[in-house]
Amino acid sequence: MKSNLFAFIFLLSCLPFASWSQIPSDYTIPNVLREAYDRDVKGMAIKRMQAQNSPDNALIEIPAAVQDSILEGMAAIFNLSNELPEADSVFNRYCVHDNFGSPALLGFIVGVDTNSPIAQAWAQGSTLTGNAILDNLLTTYNFTLQNYISFGAGVLYTDQYLNLFALADSITASVPGVSYAEPDYIIGNAGRIDYSTDELGNRLFEFRYEWNDCFDGCDNFYSWFFTVAPDCSVTFTGTDEGGFFGIEDLPAPTDCQLTTGVKELGLFPDFRLFPNPTNNTLHWQAAPEHGFWQIHNAQGQLVQRGQWSSKAVEVAHWPAGLYYLSGYSASGEKVLKKAWVKM
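Please read all numbers here as calculations on a predicted model, not as lab measurements.

(A) Examining the overall build of the chain more closely. Of the regular secondary structure elements, the chain holds 8 helices and 15 strands. Per-residue burial for the chain yields a buried fraction of 50% across its 343 residues. Sequence separation of at least 24 residues holds for 63% of the intrachain contacts in the chain that already meet a minimum separation of 6. Split by element, the accessible area of the chain, about 16,600 Å² in all, is 53% carbon and sulfur.

(B) The packing of helix α7 (residues 132-140) against helix α8 (residues 164-174), seen in detail. The contact between α7 and α8 brings their axes to 10 Å, and the two run at 165 degrees. What the angle tells us is that α7 and α8 run roughly antiparallel. The handedness of the crossing between α7 and α8 comes out as left-handed. For the pair formed by α7 and α8, the contact residues are I133, L134 and L137 on the first element and L167, S170, I171 and S174 on the second.

(C) Structural detail: the pattern of salt bridges. Evaluated as defined, the whole model comprises 6 salt bridges. Between R34 and D68 there is a salt bridge; the shortest N-O distance is 3.9 Å. Pair noted here: R34 is in helix α2 (residues 31-36) and D68 is in helix α4 (residues 64-78), with a separation of 34 residues, a long-range link. Its salt-bridge partner being K42, residue D38 comes within 2.5 Å of it at the nearest N-O pair. Here D38 and its partner K42 are both found in helix α3 (residues 38-51), 4 residues apart, which amounts to about one turn of the helix. On the basis of relative accessible area, D38 is assigned to the partly exposed category, the value being 28%. The buried category is assigned to K42, whose relative accessible area is 15%. A single salt-bridge network, built from bridges that share partners, covers R192, R208 and E210.

(D) Quick peek at the nonpolar core. Counting residues in each nonpolar core, the largest one holds 55 residues, and the members touching the most others are M74, F205 and F207. Top element by residues in this core is α4. It accounts for 8 residues. Setting aside anything within four residues of it in sequence, one finds M74 in contact with L33, Y37, V41, M44, F91, I193, F205 and F207.

(E) Spotlight on the sheet that holds strand β3 (residues 153-157). The 4 strands are arranged β2-β3-β1-β4 in an open sheet whose pairing can be described as antiparallel. The open sheet has two edge strands, β2 (144-149) and β4 (178-183), and neither has a second partner. Ignoring strand direction, the axes of neighbouring strands in this sheet form an average angle of 20 degrees. Sheet topology places strand β1 (residues 107-112) next to β3; 5 bridges connect them, and they run antiparallel. Across the sheet, V110 pairs through a bridge with G154, a residue of β3. The strands touched by α8 within the sheet are β1 and β4, with β4 carrying the most contacts at an inclination of about 175 degrees.

(F) Layout of α3. Taking 1.5 Å as the rise per residue, α3 with 14 residues should run 20 Å; its terminal C-alpha atoms sit 20 Å apart, in good agreement. Most of α3 is tucked away: 10 of the 14 residues are buried. Buried within α3 are the following residues: R39, D40, V41, K42, G43, M44, A45, I46, R48 and M49. Looking at the residues trailing α3, positive phi occurs at N53, about 50 degrees.

(G) Spatial organisation of the sheet that holds strand β5 (residues 192-197). Taken together, 4 strands build an open sheet; the order of strands is β5-β6-β7-β8 and the sheet is antiparallel. Edge strands, defined here as strands with exactly one partner in the open sheet, are β5 and β8 (234-243). Within this sheet the neighbouring strands show an average axis-to-axis angle of 15 degrees, counted without direction. As paired elements, strand β7 (residues 220-228) and β8 share 9 bridges and run antiparallel to each other. Pairing of W224 across the sheet is with T239, part of β8. Of the strands in this sheet, β5 and β6 (203-211) touch α3, which is tilted by about 45 degrees from β5. On the sheet, α4 packs against β5, β6, β7 and β8 and is oriented at approximately 75 degrees with respect to β6.

(H) Summary view of the side chain of K342. Residue placement: K342 occurs in strand β15 (residues 334-342). Although K342 is buried, it makes no salt bridge; E314 carries the closest opposite charge, 10 Å away. Within polar-contact distance, the side chain of K342 engages the backbone oxygen of W318 at 3.4 Å. Not counting residues up to four positions away in its chain, the partners in contact with K342 are T278, N279, V315, A316, W318, P319, A320, G321 and Y323.

(I) Quick look at the packing of α3 against α4. At a minimum axis distance of 9 Å, the contact between α3 and α4 shows a crossing angle of 120 degrees. Put simply, α3 runs oblique to α4. Along this stretch, α3 crosses α4, giving a crossing that reads as right-handed. Between α3 and α4, the residues in contact are V41, K42, M44, A45 and M49 and V66, Q67, I70, L71 and M74, respectively. Residues that form the contact of α3 with α4 fall into these classes: 8 nonpolar, 1 polar and 1 charged.

Conventions used here
- Residues numbered from 1 in each chain as written.
- Predicted model: local features only at pLDDT ≥ 70, side-chain atom pairs only at ≥ 80, totals over all residues.
- Heavy atoms only, no water.
- Helix = DSSP H or I, 4+ residues; strand = E, 2+ residues; numbered from the N terminus.
- Buried < 20%, exposed > 50% of the residue type's maximum accessible area, 1.4 Å probe, protein only.
- Contact = heavy atoms within 4.5 Å.
- Areas by Shrake-Rupley, 256 points an atom, 1.4 Å probe, with all protein chains shown as cover.
- Axes fitted to C-alpha atoms, helices over the stretch in contact; angles between N-to-C directions.
- Parallel < 35°, antiparallel > 145°, perpendicular 65-115°, else oblique.
- Left-handed = near helix turned anticlockwise from the far one by under 90°.
- Salt bridge = Lys/Arg side-chain N within 4 Å of Asp/Glu carboxyl O.
- Core = buried A, V, L, I, M, F, W, Y, C linked by side-chain atoms within 4.5 Å.
- Pairing = 2+ DSSP bridges.
- Expected span 1.5 Å × (residues − 1).
- Lys, Arg positive; Asp, Glu negative; His and termini not counted.
- Polar contact = N/O pair within 3.5 Å; in protein donor to acceptor, adjacent residues only side chain to side chain.
- Nonpolar A, V, L, I, M, F, W, Y, C, P; charged D, E, K, R; others polar.

This is how it looks when you write it as structure tokens:
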């Protein structure tokens, strides 16, 4: 009996637990990952700086070193998409992004005294206010006035992801007549990526896919956990799931398939989307002569498709947020992919 028990234990020790082993990888950051997750990484960098109470919190421009540390860890996981099914699920099948509560936003709300020159300028539709300090900041970071609310608030947008908390501190501390400044958060986007490190220097990631009733934060979630060691090896450490009304099976994957486009992005190097960000109409130039395009939102859901001959698409009534336009040849082969922002 004892020998059978030892034999059983030995057999268990020889079984392959691939998902729980360290898999060698590398920190090479593919362009498609850098482009598709630019907003995610910038938001995670801001949250990381806040969690560490870093001196970098005072910087309006997000330090590249903080971003690259996060992006390298994500690249180590992403580069295993063909070997590690869980990595494939995160990046290609369920297209998990850090949307809910991300501080990487393009919009900014500034509250002002309704009798101030700033309010008067904004009420007339002018971005520049006559205040040298405020105008210098708005010009430096390419802000434009989108709307002025009569109770004394200007809504401004830029084409850059910045540390808006540092910008808010700078404006409220140095511009008379400004009562508050805060990011213009987008409500209802689901999904998140949590990033941290441990005392051994491991980078820890949770990719959380969320669905059902997403306007309220989503009733259901499914998470994948990864550890990226200092030597760049990756360990998948498990999953978690839950739901406010009970656990449900994962829905059908959205299949954004980022890795399929890595070698194809250079086929149309002059292709351009403009204006980006946009409020009303998204135009393009130097597009393929044949084939079609598709637009997906940040959750990987198909929003609209059409032919290249249209030259533009109307997006005025679309929800604000990050979108991706993918181009396909007449045979259905993906030939380009570009990110753009609806304000």
